[in-house]
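Below, each chain spelled out in residue letters.
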Amino acid sequence: MKILVLLLLVFLVAGAVYALNDSKKRPASGATHTLSDSDKATLLTAAQQAYQQQDYATALEKWLTLAEAGDAEAQFDLGTAYSEGKAMPRNDAKAREWLEKSAAQNNAAAQFNLGLLYYEGKGTPQDINKAREWFEKAAIQGLSEAQFNLGVFYEKGRGIPQNYEKAREWYEKAAAQGNGFAKYNLGTLYADGKGTPQDYGKAREWFEKAAAQGFSEAQHTLGVLYDNGTGVAQDYDQAREWYEKAAAQGQAESQYNLGLFYDNGQGVPQDSTKAAAWWGKAAEQNYAAAQYSLGLLYENGRGVAQDYDKAREWYEKAAAQGEASAQFNLGNLYAQGDGIAQDYNKARQWWEKAAIQGEARAQFNLGAHYSKGEGVPQDFSKARAWFEKAAAQKNDEEVRQAAQHALQILDQVTGKKP
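Residues numbered from 1 in each chain as written. Predicted model: local features only at pLDDT ≥ 70, side-chain atom pairs only at ≥ 80, totals over all residues. Heavy atoms only, no water.

Chemist: I'd love a proper account of the nonpolar core, names of residues and values included.
Modeler: Ranked by internal contacts, the top residues of the largest apolar core, which has 123 residues, are Trp63 and Tyr171. Sorting elements by how many residues they give to this core places helix H6 (residues 108-120) first, with 9 residues. Setting aside its immediate chain neighbours within four residues, Tyr171 contacts Phe148, Gly151, Val152, Glu155, Ala182, Asn185, Leu186 and Leu189. (Core = buried A, V, L, I, M, F, W, Y, C linked by side-chain atoms within 4.5 Å. Buried < 20%, exposed > 50% of the residue type's maximum accessible area, 1.4 Å probe, protein only. Helix = DSSP H or I, 4+ residues; strand = E, 2+ residues; numbered from the N terminus. Contact = heavy atoms within 4.5 Å.)

Next comes the structure, spelled out in structure tokens:
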């Protein structure tokens, strides 16, 4: 199943890195001070070097001298230092004060970080509108992180009316500067036809650009496109290669999908042991479908030694996340007493959780237990209600027919429909 995630970049531009890598963007101070430009440059370089060497006292002393003299870059560095909490106890209010001074002098990085503080409500009450305003100021100056965040704001309608076309425009500006997040989100817009005609070819191109930068979500999504043959010729080898790239970075859904490939022998020789290994990686990341699938392998002894205790443990983890199939199988373990004391009451509880989510097999089992009075008082009315729900299901023909047959038998037992 494809997951297309819209990311709001939570990224704090590092003051020293930004200054050293882009000194030309340093805005001139408009404040009156006694330091010469040469003195300022010397102090700033010394402060940044001291910070990198973790000599925070020296860095703070020099930044404060510059910041109080009105130097925008030092004000930004000082604000960032307060926000990071490395050189001194974290103080978001002071971070905001210094970032505001720098931002007022059009320091794009300060404007961006100030937007983050307002967005997250740190050092100030949360204010999405002010966050957007500061991101926009930084974006206009060409800061790609701000351009990306503005794109997200327009796509999600945060503090502004939703506008996919403007989202695309801002993503394109950020992508032109190499922003991988923006490239990925552009791919999702083209894939979904939002703000632009649907175009899987362009979607794939943007995903490939993001994937080439090592962006795991893009690698996973490319795997999904080749897996399903969406906008490309179906190609399990290509799908597997992209899943492997994403899985190597810890992308849980790609790890799960690789498990499916090996379990089903899809594009690879069938190998339940490899399936168990991939599902184990995803399950350890709390990916519910993988936890359920791993439980199934342990219950049936496929690719791993049969172990009902481990099956139950993995089913419980998945069931706690609402995985209906895991809840159903847990009910079965308790009903059959497999690796655990037989307990019809617990079986019923787990089946009910699954049945409420529309799990047809759980609905049928509840009907059967109320009909027989197993673990519950016999209740034909409740039995009928659950059988009717199962019979109405269209995604499991075998269960649907069994439920219809059970209703016919129930009619014979009760003599009539209630």
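Chemist: Residue-level account of helix H10 (residues 180-192), with values.
Modeler: With 13 residues, H10 extends 19 Å between its outermost C-alpha atoms, agreeing within 8% with the 18 Å of an ideal straight helix rising 1.5 Å per residue. Turning to H10, its buried residues number three or more, namely Gly180, Ala182, Lys183, Tyr184, Asn185, Leu186, Gly187, Thr188, Leu189, Tyr190 and Ala191. Contact partners of the buried residues in H10: helix H8 (144-156), helix H9 (164-176), helix H11 (200-212) and helix H12 (216-228). Between the side-chain oxygen of the N-cap and the backbone nitrogen of Phe181 there are 3.1 Å, and the N-cap of H10 in question is Asn179. In the stretch just after H10, Gly193 is the one whose phi turns positive, near 70°. (Expected span 1.5 Å × (residues − 1). Polar contact = N/O pair within 3.5 Å; in protein donor to acceptor, adjacent residues only side chain to side chain.)

Chemist: Describe unusual backbone geometry, naming the residues involved and giving the relevant values.
Modeler: Of note in this structure, Gln54 is not a glycine but carries a positive phi near 65°. Among the structural elements, Gln54 can be located in the loop between helix H2 (37-52) and helix H3 (56-68). On the basis of relative accessible area, Gln54 is assigned to the exposed category, the value being 60%. Unusually for a residue other than glycine, Asn106 sits at a positive phi of about 70°. Mapped onto the fold, Asn106 is located in the loop between helix H5 (92-103) and H6. Among the residues examined, Asn106 registers a relative accessible area of 46% and is labelled partly exposed.

Chemist: Summarise the pattern of salt bridges; cite the residues concerned and give the values.
Modeler: Within this structure, the stated rule accounts for 16 salt bridges. Between Glu244 and Arg240 there is a salt bridge, with the nearest N and O atoms lying 3.3 Å from each other. Residue Glu244 and its partner Arg240 are located together in helix H13 (residues 236-248), separated by 4 residues, close to a single helical turn. Its relative accessible area of 29% is what places Glu244 among the partly exposed residues. Classification of Arg240 as buried rests on a relative accessible area of 19%. In this structure, Arg348 engages Glu352 in a salt bridge whose closest nitrogen and oxygen atoms are separated by 3.2 Å. Within this pair, Arg348 and its partner Glu352 are both found in helix H19 (residues 344-356), separated by 4 residues, close to a single helical turn. For Arg348, a relative accessible area of 17% puts it in the buried group. Residue Glu352 is classed as partly exposed on the basis of its relative accessible area of 22%. Residues joined by salt bridges that share partners form a network here, namely Asp237, Arg240 and Glu244. (Salt bridge = Lys/Arg side-chain N within 4 Å of Asp/Glu carboxyl O.)

Chemist: How would you explain the packing of helix H18 (residues 324-336) against H19 if you had to name every residue and give the values?
Modeler: At a minimum axis distance of 8 Å, the contact between H18 and H19 shows a crossing angle of 165°. Overall, the two elements H18 and H19 adopt an arrangement that is roughly antiparallel. Every pair of crossing elements has a handedness; the one defined by H18 and H19 is left-handed. On H19, the residues touching Ala324, Gln327, Phe328, Leu330, Gly331, Asn332, Tyr334 and Ala335 of H18 are Tyr344, Lys346, Ala347, Trp350, Trp351, Lys353 and Ala354. (Axes fitted to C-alpha atoms, helices over the stretch in contact; angles between N-to-C directions. Parallel < 35°, antiparallel > 145°, perpendicular 65-115°, else oblique. Left-handed = near helix turned anticlockwise from the far one by under 90°.)

Chemist: Talk me through the packing of aromatic side chains; I want residue IDs and the actual numbers.
Modeler: In total, this model carries 16 aromatic pairs according to the counting rule given. A centroid spacing of 5.8 Å and a plane angle of 45° characterise the contact between Tyr119 and Phe153, whose relative ring orientation is tilted. Here Tyr119 is found in helix H6, whereas its partner Phe153 is found in helix H8, with 34 residues between them in sequence. Of the two residues examined, Tyr119 and Phe153, each falls in the buried class. With 5.5 Å between their ring centres and 50° between their planes, Tyr256 and Tyr287 make a pair best called tilted. Of the two residues, Tyr256 is situated in helix H14 (residues 252-264) and Tyr287 in the loop between helix H15 (272-284) and helix H16 (288-300); the sequence distance between them amounts to 31 residues. Tyr256 gets classed as buried once you look at its relative accessible area, which sits at 15%. Residue Tyr287 is classed as buried on the basis of its relative accessible area, which comes to 18%. Site record: aromatic cluster; members linked through ring pairs are Phe148, Tyr171, Phe181, Tyr184, Phe207 and Phe215. Sitting over the face of the ring of Trp314, Lys317 holds its NZ or CZ atom 5.8 Å from the ring centroid. (Phe/Tyr/Trp six-rings, centres within 6.5 Å; stacked < 30°, edge-to-face > 60°. Lys NZ or Arg CZ within 6 Å of the ring centre and 35° of its normal.)

Chemist: Help me get a handle on the confidence of the model for the protein chain, residues and values and all.
Modeler: With 91% of its residues at a pLDDT of 70 or more, the protein chain shows a mean pLDDT of 90. Predicted confidence for residues 1-33 stays below pLDDT 50, and this span has 91 contacts to residues more than four positions away or in other chains. (pLDDT = per-residue confidence, 0-100.)

Chemist: Which residues make up the environment of Phe380, and what values do they have?
Modeler: Tracing the backbone shows Phe380 in helix H21 (residues 380-391). For Phe380, a relative accessible area of 29% corresponds to the partly exposed category. Each C-alpha atom of the pair Phe380 and Phe328 lies 22 Å from the other, and the pair is 52 residues apart in sequence. Those residues in contact with Phe380 that sit more than four places away from it in its chain are Ser371, Leu410, Val413 and Thr414.

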